[in-house]
Amino acid sequence: MIGIIGSGNVGANTAFFLAEKGVDHVTLFDIQDGLAQGKALDMMEAAPIRGYRTVISGTNDPQDGLNADIVIITAGAVRKPGMDRDALFQANKEIIIDYAKKITRPDTRVIIVSEPVDLLTTLFARHSLLPPEQIMGLGGILDATRLRFLIADELGVSMENVAAQVVGRHSDDMIILHDYCCVSGVPVEHFLSRETIDRLFDQTRQAGGLIVELAGRASAYYGPSAVAADLAEAICHDTGRVLSVSRILSGQFGITETALSLPCVINRAGASSILEPRLDDSQIQTLKTSARTIQETLKEDTHA
Ligand SMILES: NC(=O)c1ccc[n+]([C@@H]2O[C@H](COP(=O)([O-])OP(=O)(O)OC[C@H]3O[C@@H](n4cnc5c(N)ncnc54)[C@H](O)[C@@H]3O)[C@@H](O)[C@H]2O)c1
C-alpha cells in the first residue's frame, strides 16, 4: 500500500499516475476534511474508462496513510510568484517534523516532495527513526527529467533516447552534470552548440519558477507527480534503477548528515547506495556550500 499525505495537486496526481501504473492500493490523506475522500472517489469513478484496478481510498485519519509500505509526503504550502523555495521552510517544517515522528513502521520508505525538499528531507531524517536509505527527497530526478524534455525538444528526438543527470540541491544551485547529458549515449555537445546547451541548462534551473509565474496560482505538479510515481514504482518493483534523489550523505565529497541529490541505486530498501559521480572542483564547492547552507538554516532554527 502507498500512502499519500496531502491530497492537493501533487498528492492527487501522484495517486492517479500510480493507479495507471497498476499498484494495488493507494490511500490519500489531507488535513482538509473530505478532500482526500472526494478526490479518491472521483479517481475510482474514472477507473471503468481508464482501466486501472487499483483501490484508491481517502481517509480522515493520518495513520491510515502513514501505516504504508511507501509514504509520499506532499503536504504543505506552495510557492507564489516571486517566492523562492526556501521561503516555504517556516510554513512546512512543523508538518515534516510531525510526520517524521508519526511513522512508526520500521520498513516504511518515505518520499518527501514538500519544499524546500533538501532542507525538509534533512529535517525529516533528524526526527525519524528510519535509516537514511529509506528517506528520499524528490530533487535531481525532477530536474533531470525537465532537462531531458528540453534537450529532446531542441533536437526533435525521442525523449527516451535522452539521458541527463542533475545532482546537488533542488534550487538555483543544482549541479547539471554536463558530461552525463547524452543522446543515445553520444555526448550532447556533438549535436548542440555551447550557447544552446547553456541556455537549456538555464531553462532547467528556472523551470519550476517559470511554471509558478505562468500558472499563477499553482506550482508545477504534473511533472513532480509523474516523477514521484516513477520513484515509488522503482522501489515497489525492486528495480535497481539509478535515480538522482536527495538522501542523507554519508561522507560523499566530505558531506554528512545533510540530504542532497546524488545518483542512488533504487530498490526495495529505498535509495540503498550512492554512486558518486565525477565532479570538478567548482561543482564540489557548490555541493559543499549547499550542505553548509542547509546546516546553517537548521542551526538558526531552535525548533529544527
Ligand atoms: N520537490 C519538488 O520538486 C516539488 C515540486 C512541486 C511541488 N512541490 C511541493 O509539494 C508540496 C505540495 O504541492 P501541491 O502543488 O500539491 O500543493 P497544494 O496546495 O495543491 O496541496 C497541498 C495540500 O497539503 C494539505 N496539507 C497542508 N497541511 C497538511 C498537513 N499537516 N497534513 C496533511 N495535509 C496537509 C493541504 O490541505 C493541501 O491540500 C508543496 O510544498 C510544493 O512546494 C515540490
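Predicted model only: the values in this text are computed from it and were never measured. (Residues numbered from 1 in each chain as written. Predicted model: local features only at pLDDT ≥ 70, side-chain atom pairs only at ≥ 80, totals over all residues. Heavy atoms only, no water.)

A tally of helices and strands in the protein yields nine helices and 14 strands. At 19 Å, the protein has a C-alpha radius of gyration in line with the 19 Å of a compact globule built from 304 residues. Taking contacts inside the protein between residues at least 6 apart in sequence as the whole, the part at least 24 apart equals 68%. Surface summary for the protein: the accessible area is close to 13500 Å², and the carbon and sulfur share equals 51%. With 27 positive and 39 negative side-chain charges, the protein shows a separation of 1 Å between the mean positions of the two kinds. (Helix = DSSP H or I, 4+ residues; strand = E, 2+ residues; numbered from the N terminus. Rg over C-alpha atoms; globule rule 2.2 N^0.38 Å. Contact = heavy atoms within 4.5 Å. Areas by Shrake-Rupley, 256 points an atom, 1.4 Å probe, with all protein chains shown as cover. Lys, Arg positive; Asp, Glu negative; His and termini not counted. Charge placed at Lys NZ, Arg CZ, Asp CG, Glu CD.)

Time to look at unusual backbone geometry. Across the junction of glutamate 115 and proline 116, the peptide omega takes the value 0 degrees, indicating a cis bond. Structurally, proline 116 is set in the loop between β5 (109–112) and α5 (117–127). Backbone geometry places aspartate 238, a non-glycine residue, at a positive phi of 50 degrees. Residue placement: aspartate 238 occurs in the loop between α8 (222–236) and β12 (241–250). Phi at phenylalanine 253 is positive, roughly 55 degrees, even though this residue is not glycine. Among the structural elements, phenylalanine 253 can be located in the loop between β12 and β13 (256–267).

Structurally, valine 157 is set in the loop between α6 (140–155) and β7 (162–163). C-alpha separation for the pair valine 157 and valine 183, spaced 26 residues apart in sequence, amounts to 8.6 Å. Those residues in contact with valine 157 that sit more than four places away from it in its chain are Ala152, Val162 and Val183.

Moving on: the pattern of salt bridges. Summed over all chains, the structure comprises 13 salt bridges. Close ionic contact of aspartate 230 with lysine 21 constitutes a salt bridge, the shortest N to O distance being 3.7 Å. With aspartate 230 in helix α8 and lysine 21 in helix α1 (residues 9–21), the pair connects residues that are 209 residues apart, well separated along the chain. Using a relative accessible area of 32% as the deciding quantity, one classes lysine 21 as partly exposed. Between glutamate 115 and arginine 85 there is a salt bridge whose closest N-O contact spans 3.1 Å. Linking glutamate 115 in the loop between β5 and α5 with arginine 85 in the loop between β4 (70–73) and α4 (89–102), this pair joins segments that are 30 residues apart in sequence. (Salt bridge = Lys/Arg side-chain N within 4 Å of Asp/Glu carboxyl O. Buried < 20%, exposed > 50% of the residue type's maximum accessible area, 1.4 Å probe, protein only.)

Turning to the UniProt feature "binding site: NAD(+)" (unreviewed entry) in the protein, a few remarks are in order. In the numbering adopted here, UniProt assigns the feature "binding site: NAD(+)" (unreviewed entry) to Gly6, Ser7, Gly8, Asn9, Val10, Gly11, Asp30 and Asn92. Among the structural elements, asparagine 9 can be located in helix α1. For asparagine 9, the contacting residues outside a window of four places in its chain are Ala218, Tyr221 and Ser225. Mapped onto the fold, asparagine 92 is located in helix α4. The buried category is assigned to asparagine 92, whose relative accessible area is 1%. Among all residues touching asparagine 92, those that are not within four sequence positions of it are Gly76, Ala77, Glu115 and Leu120. (UniProt positions renumbered as here; feature names shortened; annotations may be inferred.)

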